[in-house]
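A closer look at the structure
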Number of protein chains: 2
Amino acid sequence: MAYLDRTSETIGQQRVTGRAVREVAKTPTARVQRHEQHHVIFYEGDQAERIFELQDGIVMLYKLLPDGRRQVVEILNRGMIFGTAGGERYDCSAETLTPVRLAVHDRREVDASAVLQSHVAKCLMSQMERLHEHAMLLGRKSAMERVASYLIRMVPNRGGEGCTGPLSETCDPHDLVLTMTRQEIADYLGLTIETVSRVISELKRRGVIRLERQDRIHVTRVCGLCQLTGIH
Amino acid sequence: MAYLDRTSETIGQQRVTGRAVREVAKTPTARVQRHEQHHVIFYEGDQAERIFELQDGIVMLYKLLPDGRRQVVEILNRGMIFGTAGGERYDCSAETLTPVRLAVHDRREVDASAVLQSHVAKCLMSQMERLHEHAMLLGRKSAMERVASYLIRMVPNRGGEGCTGPLSETCDPHDLVLTMTRQEIADYLGLTIETVSRVISELKRRGVIRLERQDRIHVTRVCGLCQLTGIH
DNA sequence: CGAATAATTGAGGCCTATCAAACCGCGTGG
DNA sequence: CCACGCGGTTTGATAGGCCTCAATTATTCG
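Please read all numbers here as calculations on a predicted model, not as lab measurements.

Calculation criteria
- Residues numbered from 1 in each chain as written.
- Chains lettered and ligands numbered in written order.
- Predicted model: local features only at pLDDT ≥ 70, side-chain atom pairs only at ≥ 80, totals over all residues.
- Heavy atoms only, no water.
- Axes fitted to C-alpha atoms, helices over the stretch in contact; angles between N-to-C directions.
- Helix = DSSP H or I, 4+ residues; strand = E, 2+ residues; numbered from the N terminus.
- Parallel < 35°, antiparallel > 145°, perpendicular 65-115°, else oblique.
- Left-handed = near helix turned anticlockwise from the far one by under 90°.
- Contact = heavy atoms within 4.5 Å.
- Nonpolar A, V, L, I, M, F, W, Y, C, P; charged D, E, K, R; others polar.
- Near = heavy atom within 4 Å.
- Polar contact = N/O pair within 3.5 Å; in protein donor to acceptor, adjacent residues only side chain to side chain.
- Core = buried A, V, L, I, M, F, W, Y, C linked by side-chain atoms within 4.5 Å.
- Buried < 20%, exposed > 50% of the residue type's maximum accessible area, 1.4 Å probe, protein only.
- Least-squares fit on C-alpha atoms with pLDDT ≥ 70 in both.
- Expected span 1.5 Å × (residues − 1).
- Domains from an automatic or database assignment.
- Buried area = accessible area lost by both parts, 1.4 Å probe.
- Salt bridge = Lys/Arg side-chain N within 4 Å of Asp/Glu carboxyl O.
- Pairing = 2+ DSSP bridges.

1. Regarding the packing of helix α3 (residues 143-152) of chain A against helix α4 (residues 182-189) of chain A
All names here are of chain A. Relative to each other, α3 and α4 sit at 110°, their axes nearing to 11 Å. As the angle between them shows, α3 and α4 are arranged roughly perpendicular. Relative to α4, α3 is oriented so that their crossing is right-handed. Across the interface between the two elements, Arg 146, Val 147 and Tyr 150 from α3 touch Ile 185, Tyr 188 and Leu 189 from α4. The class makeup of the residues in the contact of α3 with α4 is five nonpolar, no polar and one charged.

Spelled out as structure tokens, the structure:
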């Protein structure tokens, strides 16, 4: 998976991977922001003046079409970077899915600091892999495979290449909590809310999962779920 | 669009955007590679030891599922970076669509060089925007919108936000050459080869395009095409 | 406890995939 | 020169998966 070996170093701490870099950034002490759940951090089209590092919580990035269709393009968790922009403006909106804590950097500050740029590069490489994986999901997977892939991602040590299949010990049942509504999941997976719901019901019917509550899922057969993702 | 303001600086030239960075990379003179059309530069799963910058030509990155389904995740052109990896191995394969010239860097070389990292970060930010755009295409657009979006990308100054619509002067007819086969286009757009073909035929029928040859398209009505992309 | 919101379920239709066949351009060789 | 074969493309018929619209049920919260 994408976020395996990213050490959870924060920008503020100024740790550097690889060879030491003599140049030290001027004002590396990032401002810290906190936001409640369902708070929009910035909108698509806003002037891209800041770059954010997610210290805690979950953030989603999404894009809209003029007619209202929405695509959630990234789900970010601890340690990931967002607010990077190729041009002048943000290409997507950023909204919190949980309460979050952010490290905020001015864009110019990042441009000027080799340490920050290095850190950003590292993070972006990992995030790019997740985007590739997600392109595969959106372009080539069935609804069942998409939902299974989505769920398995929340089971630690599962869903990746290293997933050794049924022989592994990690096939135990597992509980997980959904931080996204059906609508948000649908917009992430390129499906409709109804299809997501139907697939979840089908998974229940097959005995792969059990719903404790709408947002609490007990995965009875982790391996069964894994085999539905299309990657085995 | 993603690749508007990327200056076409190459890594080897050692130019730095933003504030000057005192630290100079040790061996910034990249090795140069050339490859023919349809040559695989690396495979998904290979040890990720090198990072590439595309100096000339076109490269595609793709992922495969065990059952053979393929998703082309990126189409790269001049100035773009690939071969970046979050982990030990490449998450996708890289194949040339035309003859190409590459600047090749050892991964450790990049890790050690602030200048290179900075350059990589810049490029990745732009490429990430393209991936977001593509996620929208794959998740939310119809076949017609996908093909129209694909074609309009090859018309300079079109398809982006700044596309001012029919009032603009740039509505002239335009010729373009496809570097991808129908199969590659289909795998990029998350469609089948038949659907791509049918949509192209439909565009012919509507008088939006004309096929000079299978890989040469004359866009009769650029604005008409633009309006079919879903972004207007 | 009841209203508002979110999720599920059902019926039907559309869009795209699938399977199959025809077509086209092009190089080869009789 | 033209038949031939080959790979890629187009077109057709059909089926199926997911979307749409609508109604019902569950959940949340005042």
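2. Quick word on the protein's contact with DNA strand D
What surrounds DNA strand D is a group of 18 residues, the closest being Ala 143 and Thr 195 of chain A together with Arg 182, Ser 197 and Ser 201 of chain B. Here, DNA strand D places atoms within 4 Å of the protein, and 68% of those atoms are sugar or phosphate. One nitrogen or oxygen atom from the side chain of Thr 192 of chain A is found 3.0 Å from a phosphate oxygen belonging to DNA strand D. Contact between DNA strand D and Arg 198 of chain A: a base oxygen at 2.9 Å from a side-chain N or O atom of the residue. Looking at the surface near DNA strand D, the elements that each hand over two or more residues are α5 (193-205) of chain A together with α5 (193-205) of chain B. Per-element accounting of the surface near DNA strand D gives the leading share, four residues, to α5 of chain B. Its residues assigned to classes, the surface near DNA strand D shows three nonpolar, nine polar and six charged.

3. Some remarks on the protein's contact with DNA strand C
With respect to spatial proximity, 16 residues lie near DNA strand C, and among them Arg 182, Ser 197 and Ser 201 of chain A together with Ala 143 and Thr 195 of chain B are the closest. The sugar-phosphate backbone supplies 66% of the atoms of DNA strand C found within 4 Å of the protein. At 2.3 Å, a side-chain N or O of Ser 201 of chain A approaches a phosphate oxygen of DNA strand C. Between a base oxygen of DNA strand C and a side-chain N or O atom of Arg 198 of chain B, the distance comes to 2.8 Å. Ranked by residues supplied to the surface near DNA strand C, first place goes to α5 of chain A with four residues. Residue composition of the surface near DNA strand C, by class: three nonpolar, eight polar and five charged.

4. Observations concerning the nonpolar core
Counting residues in hydrophobic clusters, the biggest one holds 109 residues, and the most contacted among them are Phe 82 and Leu 203 of chain A together with Phe 82 and Leu 203 of chain B. Ignoring anything within four residues of it in the chain, the contact list for Leu 203 of chain A reads Met 144, Val 147, Leu 151, Val 208, Ile 209, Leu 225 and Leu 228 of chain A. By size, the runner-up hydrophobic cluster in this structure holds 22 residues, among which are Met 125 and Leu 131 of chain A together with Ile 51 and Ile 81 of chain B.

5. Details of the relation of the copies chain B and chain A
Between chain B and chain A, which share one sequence, the superposing operator has a rotation angle of 180° and an axial displacement of 0.0 Å; the RMSD is 0.0 Å. Put plainly, the chains are arranged around a two-fold axis. For chain B, the minimum C-alpha distance to the rotation axis belongs to Ala 121 of chain B and amounts to 2.2 Å. A share of 100% of the interface residues of chain B reappears at the interface of chain A, consistent with the copies meeting face to face through the same patch.

6. A look at unusual backbone geometry
Among all residues save glycine, negative phi is the norm, and among peptide bonds the norm is trans. All names here are of chain A. In the Ramachandran plot, His 38 falls in the positive-phi region, its phi being about 60° despite a non-glycine side chain. Tracing the sequence through the fold places His 38 in the loop between β1 (31-35) and β2 (40-42). For His 38, a relative accessible area of 46% translates into the label partly exposed.

7. Here's the deal with the packing of α4 of chain A against α5 of chain A
Residues and elements named next belong to chain A. Relative to each other, α4 and α5 sit at 100°, their axes nearing to 8 Å. The angle between α4 and α5 places the two elements in the roughly perpendicular class. Across the interface between the two elements, Arg 182, Gln 183, Ile 185 and Ala 186 of α4 pack against Ile 193, Val 196 and Ile 200 of α5. When grouped by side-chain class, the residues that make up the contact of α4 with α5 number five nonpolar, one polar and one charged.

8. A look at helix α2 (residues 114-140) of chain B
Residue and element names in this part refer to chain B. For α2, built from 27 residues, the straight-helix expectation of 39 Å at 1.5 Å per residue is met to within 8% by its first-to-last C-alpha distance of 39 Å. With 26 of 27 residues buried, α2 lies mostly within the body of the structure. The residue sitting at the N-terminus of α2 and contributing the capping side-chain oxygen is Ser 113; that oxygen lies 3.3 Å from the backbone nitrogen of Val 115.

9. Description of the domain arrangement of chain A
Accessible area lost during the coming together of the parts is what is often quoted as the interface size. Residue and element names in this part refer to chain A. As far as domains go, chain A holds domain 1 (31-140) and domain 2 (143-227). A C-alpha centroid distance of 25 Å is found between domain 1 and domain 2. With both chains or domains summed, domain 1 and domain 2 bury close to 1,200 Å², and 55% of this area falls on carbon and sulfur atoms. In terms of surface lost to domain 2, no three residues of domain 1 exceed Arg 70, Ile 75 and Leu 137, which account for 38% of the buried area on that side. Where domain 1 touches domain 2, the interface holds one salt bridge. The partner of Arg 70 in a salt bridge is Asp 187, with the nearest N and O atoms 2.6 Å apart. On the surface where domain 1 and domain 2 come into contact, there are seven residue pairs in polar contact (both at pLDDT 80 or more).

10. Focus: the sheet that holds strand β7 (residues 93-96) of chain B
Across a sheet, strands are paired by hydrogen bonds formed along the backbone, either parallel or antiparallel in direction. Residue and element names in this part refer to chain B. Strand order in this open sheet of four strands is β2-β7-β4-β5, and the pairing throughout is antiparallel. Each edge of the sheet is formed by a strand with only one pairing partner; in this case those strands are β2 (40-42) and β5 (70-76). Averaged over all pairs of adjacent strands, the angle between their axes in this sheet comes to 30°, without regard to strand direction. Note that β2 and β7 share two bridges and pair antiparallel. Counterpart to Phe 42 in the pairing with β7 is Ala 94. Sitting on the sheet, helix α4 (residues 182-189) is in contact with β4 (59-64) and β5, with an inclination near 95° to β5.

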